[in-house]
Each structure stands twice: as C-alpha cells, then as structure tokens.
Amino acid sequence: MSADPRRQVPRTDTLLAEPALAAAAERLGRELVKAAVQEVQQQVRAGAVAPGAAVAAVLAGLPPTPGSLRPVLNATGVLVHTNLGRAPLSPAAVEAVTAASGTTDVELDLSTGRRGPRGEAAISALLAAVPAAEAAIVVNNCAAALALVATALGGELVLARGELVEIGDGFRIPELLAATGARLREVGTTNRVTLDDYLAAVGDSTGAVLKVHPSNFVVRGFTRAVPVAELAGALAGRGVPLVADVGSGLLRPHPVLPEEPDLQTTLADGADLVLASGDKLLGGPQAGLVLGRAALVQRLRRHPLYRALRVDKTTLAALEATLRGPLPPVQQMLAADAAVLRRRAEALAARLTAGGIDAEAVDSEARVGGGGAPEHPLPSAAVALPAGYAEALRAGSPPVVGYVAGDRTLLDLRSLPAAADDALAAAVLAVAGEVA
Ligand SMILES: *Cc1c(COP(=O)(O)O)cnc(C)c1O
C-alpha cells in the first residue's frame, strides 16, 4: 500500500536548491529552470518519473543555452543561405565578437580618454580592402543602406525598370525606396534601357541615379543595360551622384564568379557610392556597407536617420576581423576544389556504409545563394542517402539540413566546413535507426 504519490513529489524550492540545479539556474536563469522543474513535477505526479530521478530528469530537459537558436549543419549546397543565417562567421570574427561583447572602447580613445570615432578600425579595414573608396559607413544591412541613400539624397531617384528587383521574402527594392518618401523615376523597359533614357530623365529634381544589381535573376535575349562606366562618364559634371547597389559584397573581382560585380571595380568605373551586404559573399556579419566619395558618405553620416541604422559594437568587431583576418568560411567554400569535396564525400560515404547505412558519394551542384550568381552552379560533391533521412536529420541534434532530389537525400559538402564532417557522420549514424 503506497502513500499518496503527491506527497512524494519533491517541492519546487527543494529541487531548485539542489546544487546541480542551482548551478543551472546561474547559467540559464531561474525562470527557465523553474519551468523545467514544474514539468518534471507533473511527470512524477503522473508516475512517469521516480521522485528520486527528478533532478536528473530536470537536467536532461534543460536547453544547452538560454537562447533558442541552435547551430545547424548546412548541407544544402547553398553557401549563403538566408534561412540559415547567411554567412557563418570565421573563428577570428567570433573571437572578436566575444572580445567586444562586454564593455569595450568602441567610441573611446584610450590614449587621450576622449570620445573617439565609432568603429574607426572597421572603417579603415574596409578602406584598405577597397582603395577606390574615399570613405565608408556601416549600417544595419543593405536594405538600410538603400533607405539611407534614398532619404538623405532625396528628390527623384532615376533607375531602370529592369532593376526594380524583388530580393526574397517579399522584399522589393522599389517599395523600400518609395517607403522613404523618395520619388522613383523609372526609365527604359523591362528588358532594355539606354544611356539616352537615363539622360532624358535626369534634371534639377534628381537626387541620384541608382543602379541595382539584379542579383537573383537574369534577363536573356533582346536586352540592353547601361554599364556603370558608361553611365558615370555621361553623368560627369552634372552634379548627380551615381549610386550602385551591388548586393553581394565582393570586394574585388572573384575568379570563380566572373559575372558578379564587386565594390572596387564599380567605384573605379565611376560610381560615386556603392552599397553591399556584409553577410553574403564577403562572409561577415549582417551589415550594409556604403563606400565612395567622402562628401556623399559624410552627408549620409550626418543625416538623422543614420543614428537609427548604425550597427552595434559586435558587428563592427566581426566586420573588422572578417576583413583583416583569415579567409572567412563563405570564401573558403567558394574557392573549394571539387576534387577535394569529392574525396570528403567518399570518405564520409565509406564511414556511413561501414555503419550499415545505404550511402554513396555523388557529384552535385552547389549555389552561391543569398540572391547571388543565380546562373552559376558550383561543381560540388554530396553524400546520397535514402530519401527518409532528410526529415530525420533536420529533427536531429545537431540538426542537419540537406535536400531531397528524386528518391534520395543529398548532403552537399561545399556549404559545410571540412571540420564539420565528423559531426555530420555522427548525426547521420544517430538517426539511422529511425529511418526504415
Ligand atoms: C541581398 C541584396 C539586398 C538586400 O541586402 P540585405 O543586406 O539583406 O538588406 C539589396 N540589394 C541587392 C542587389 C541584393 O542582392
């Protein structure tokens, strides 16, 4: 004859006073641990957990960190995957973020004790990487850079109809520009625009001529666009700034992506300002980079909206380390040799086969992603598994995101650092039992 089981349910304060749970509360916060305690108390009441096992059950139910974002293995073959947080930071950038996370000298000159220019080191790293720029500022993202330009330069923005781009998830550049109150003066047709179209539209009310790189689509056939160099030459002396949104964040021309515009060349071709994202091909933190003529950059920096769009100390730290430190993961992935990827796929397939899994190394095609180089597949290699693995791997720990092609799950290795191969193999072996 047992006593009322409710009597045996350990009390909340008794459990929270247990050293292991008190330590967890220090690390994760008391509320989170208390919620886990209450959950386990329910299970004890229901007879699913023995009272003596309550502490262990609470510990097992606690998340590893108070944040809920989890590290994910990106085996999609999409190097810059917006849903997976775009560019993974380099270890050097992570270290810089950690160092800057506390109290830091982001706006203090330690030698004089006076206020210093915010983010000066990140700006000088940008200028060193893009010598054609006289000055630079960093804002929240490329969309913020566009909003700042449209607001601060004011007046009418002249841009080609074929460059009224939607980037993704309903983000339409013309709608963003219009939301700032700027007037859009569209020139040309969907497929063709000429220099005369631009020049006929430029007048006293023009705030800027804007070129937007159509990052995620191509128009083929009877098409015509006006290159930056030609437009810049024709606008020279008219006092109308030419602003080019290149999106991808490539600093210099890249041999793997010859079609992709870069900041240095676009400025050297005569653009007055260039805009780009920090977390696409540059491989850094989310940021909007604005580089170009000092007077224009100064105008943007002085505009009240800049204060609402500026980035925090950790972004500045990550950006500087990305620019000055070792090659960030995205750029390593871009440069990866297909034969090396193939050898990784074969080694992984052999390990998984030895574990009783139906695995095979196959050739695949990776993509830049993040709205970049849509027509440029990158030769890659993948581990092919039965289709059922995709879902089980996504629900695993760590989650692995691959893709299904036909009746197979493919795990592409170009989007995954080689250092993660062991974790990938372990994740596949861990779910093998669940996939019939
Ligand atoms: C990606 C992209 C943007 C948006 O950049 P965010 O940094 O995501 O705001 C703007 N313009 C172009 C051309 C792009 O490719």
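Residues numbered from 1 in each chain as written. Predicted model: local features only at pLDDT ≥ 70, side-chain atom pairs only at ≥ 80, totals over all residues. Heavy atoms only, no water.

1. What about the packing of aromatic side chains?
Our working definition: Pairing of aromatic rings covers Phe, Tyr and Trp, the last through its six-membered ring, and needs centres within 6.5 Å; plane angles under 30 degrees mean stacked, over 60 mean edge-to-face, and all others mean tilted. Only when the NZ of Lys or the CZ of Arg is both within 6 Å of the ring centre and within 35 degrees of the ring normal is a charge said to sit over the ring.
In the structure shown here, the tally under the stated rule is zero aromatic pairs. Sitting above the plane of the F222 ring, R192 keeps its charged end 3.9 Å from the centroid.

2. Some words on helix α15 (residues 313–324)
For clarity, the cut-off: Secondary structure follows DSSP: runs of H or I at least 4 residues long count as helices, runs of E at least 2 residues long count as strands, and numbering of each begins at the N terminus. An expected span of 1.5 Å times one less than the residue number is assigned to each helix. Throughout, exposure labels follow a simple rule: accessible area from a 1.4 Å probe, protein chains only, divided by the maximum for the residue type, with under 20% read as buried, over 50% as exposed, and the rest as partly exposed.
Look at α15: 16 Å from first C-alpha to last across twelve residues, which is about the 16 Å you get at 1.5 Å a residue. Across the twelve residues of α15, nine count as buried, placing the element largely inside the fold. All of the buried residues along α15 are T314, T315, L316, A317, A318, L319, A321, T322 and L323.

3. Some remarks on the domain arrangement of the chain
Note: interface size is frequently given as the accessible area lost on complex formation between the parts. Just so we agree on the cut-off: Where each domain begins and ends follows an automated or database-derived domain assignment.
Looking at the chain, the domain boundaries give domain 1 (9–61), domain 2 (73–83 + 332–434) and domain 3 (89–326). For domain 1 versus domain 2, the distance between C-alpha centres works out to 38 Å.

4. Comments concerning the sheet that holds strand β17 (residues 403–405)
Hydrogen bonds along the backbone pair up the strands of a sheet, which may run parallel or antiparallel. Let me state the cut-off plainly: For two strands to pair, DSSP has to find at least two bridges joining them. Helix axes use the C-alpha atoms of the stretch in contact, all axes being lines fitted to C-alpha atoms, and the angles between their N-to-C directions lie in the range 0 to 180 degrees. Contacts between residues were defined by any pair of non-hydrogen atoms, one from each residue, lying within 4.5 Å.
Within the open sheet, the five strands sit side by side as β2-β14-β15-β18-β17. Their pairing is mixed. Each having just a single partner strand, β2 (78–80) and β17 make up the two edges of the open sheet. Looking at each pair of strands side by side, their axes are set apart by 45° on average, direction ignored. Across the sheet, helix α17 (residues 338–354) is in contact with β14 (360–369) and β15 (378–386); its angle to β15 comes to roughly 10°.

5. Digging into the environment of R324
Stated formally: What qualifies as a polar contact is a pair of N or O atoms within 3.5 Å, subject to a donor-acceptor requirement within protein and to the restriction that residues adjacent in sequence count only when both atoms come from side chains.
Its place among the elements puts R324 in helix α15. When residues no more than four places from it in sequence are discounted, the contact partners of R324 are A121, S124, A125 and A128. Only 3.4 Å separates the side chain of R324 from the side chain of S124, close enough to count as a polar contact.

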